Amino acid sequence: MMKWTKKDVISIRDLSREEIDHVLEKSARMEKLFSQGKALGLLKGKILGTLFFEPSTRTRLSFESAMLRLGGSCLGFSAPEGTSVEKGETIIDTIKMTEGYADIIVMRTHMEGPARLAGENTELPVINGGDGANQHPTQTLLDLYTIKKEFGGLNGLTISIVGDLKYGRTAHSLAEALKLYDVNLRFISPSDLRMPARITKELLDLGLSVNETSDLDVSGCDVIYSTRIQKERFPDLQEYERVKDAFILDENILKDLKKRSIILHPLPRVNEIHYDLDKTAHARYFEQAKNGVPVRMALLCLVLNVRF
């Protein structure tokens, strides 16, 4: 078994295929340990600092759930309102202050880059819980874990990523992780919200099959990864209004799906997945969210160098 050497988890690009596979294997072990009641106490006495400068539900709550289930505790904030950030305190000073209160930090910001800056300015481990339209590495790890649980692996799958591929950090992180596997990719988005060219070019240069389209064609896909059109990322609200209803998954797509096709979504959804799909055998987005707990439990232990 490989030894984990990463202090921070800032970008999925920082992780090798071997390291990602290691996290997925340890996540499966953690899920088993938790089901057997053997995980509690692994992080007893440790404190997780949750610094969320941008709203969050699943990421913040699943990290807190993960820490509590491991016997640790949490402190932090879910929005900058009511903190010294309102008085002008810099993120670096907030990080330096948190050094005295916690053993590990998970942070989310609306800007790109502060998580890496934080990691460079503290001895505490820092996990990026999402930075603007850039990266969301732990979401990608739980996405991959969900796919692996369903299919036994990732190689050979055809995966569609649908929706806002320009501003969607979950789409960026997932695409950059999938370059390490033998998969066929289909990017489905409005023409103005295509995957950043640098990501697509890197995938093509590596020899992956990548098809970009503005047609909602999910036929033959094993995984359909839907994302919402992110209103908060648009500099022009008229642009958002024009594309917000571009791709809605509903019962009309069922005729194009394989028997084992699954639909994923990082959530929250707005209207891009119709509620009628919730009751079908293809829906996996709530299970996907639930998988965030064992994945983040495993990652907390790995980063804090606790064996399990």
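About the thresholds
Residues numbered from 1 in each chain as written. Predicted model: local features only at pLDDT ≥ 70, side-chain atom pairs only at ≥ 80, totals over all residues. Heavy atoms only, no water. Helix = DSSP H or I, 4+ residues; strand = E, 2+ residues; numbered from the N terminus. Rg over C-alpha atoms; globule rule 2.2 N^0.38 Å. Buried < 20%, exposed > 50% of the residue type's maximum accessible area, 1.4 Å probe, protein only. Contact = heavy atoms within 4.5 Å. Lys, Arg positive; Asp, Glu negative; His and termini not counted. Charge placed at Lys NZ, Arg CZ, Asp CG, Glu CD. Salt bridge = Lys/Arg side-chain N within 4 Å of Asp/Glu carboxyl O. Polar contact = N/O pair within 3.5 Å; in protein donor to acceptor, adjacent residues only side chain to side chain. Axes fitted to C-alpha atoms, helices over the stretch in contact; angles between N-to-C directions. Parallel < 35°, antiparallel > 145°, perpendicular 65-115°, else oblique. Left-handed = near helix turned anticlockwise from the far one by under 90°. Nonpolar A, V, L, I, M, F, W, Y, C, P; charged D, E, K, R; others polar. Pairing = 2+ DSSP bridges.

Here we look at the overall build of the protein chain
Broken down by element type, the protein chain carries ten helices and nine strands. The globule rule puts the C-alpha radius of gyration for 308 residues at 19 Å, and the 19 Å found for the protein chain is close to it. Overall, the protein chain is about 55 × 45 × 40 Å in size when its C-alpha atoms are taken along their principal axes. Expressed as a percentage of the 308 residues in the protein chain, the buried residues total 55%. Of all intrachain contacts in the protein chain linking residues separated by at least 6 positions in sequence, the fraction that spans at least 24 positions is 73%. Averaging the coordinates of the 42 positive side-chain charges in the protein chain and doing the same for the 43 negative ones gives two points 7 Å apart.

Considerations on the side chain of Glu-272
Position of Glu-272 among the secondary structure elements: in the loop between strand S9 (262–264) and helix H9 (285–290). At 5.9 Å, Arg-228 is the nearest oppositely charged side chain to Glu-272, a buried residue that forms no salt bridge. Side-chain polar atoms of Glu-272 contact the side chain of His-265, separated by 2.6 Å. Not counting residues within four places of it along the chain, the set of residues in contact with Glu-272 comprises Ser-226, Thr-227, Arg-228, Phe-247, Ile-248, Leu-249 and His-265.

Remarks on the packing of helix H1 (residues 17–35) against helix H5 (residues 137–151)
Axes are the key here: two packed helices are described by the angle between their axes and the distance separating the axes. In contact at an axis separation of 10 Å, H1 and H5 are set at 70° when each is read in the N-to-C sense. Of the possible angle classes, the one that applies to H1 and H5 is roughly perpendicular. The two elements H1 and H5 cross, and the hand of that crossing is right-handed. Seen from H1, the contacting residues are Ile-20, Val-23, Leu-24, Glu-25, Ser-27, Ala-28 and Glu-31; seen from H5, they are Leu-141, Leu-144, Tyr-145, Lys-148 and Lys-149. A per-class count over the contact of H1 with H5 returns seven nonpolar, one polar and four charged.

Regarding the sheet that holds strand S8 (residues 223–226)
As summarised here, the arrangement of the five strands in space is S7-S6-S5-S8-S9, forming an open sheet in which the pairing is parallel. Looking at the sheet topology across the chains shown, the edges are occupied by strand S7 (209–213) and S9. Each strand of the sheet is rotated relative to its neighbour by a mean of 15°, with strand direction disregarded. The pairing of S8 with S9 spans three bridges and is classified as parallel. Considered in S9, the bridge of Val-223 is made with Ile-262. Sitting on the sheet, helix H6 (residues 169–178) touches strand S5 (158–162), strand S6 (184–188) and S8, and the angle it makes with S5 is about 160°.

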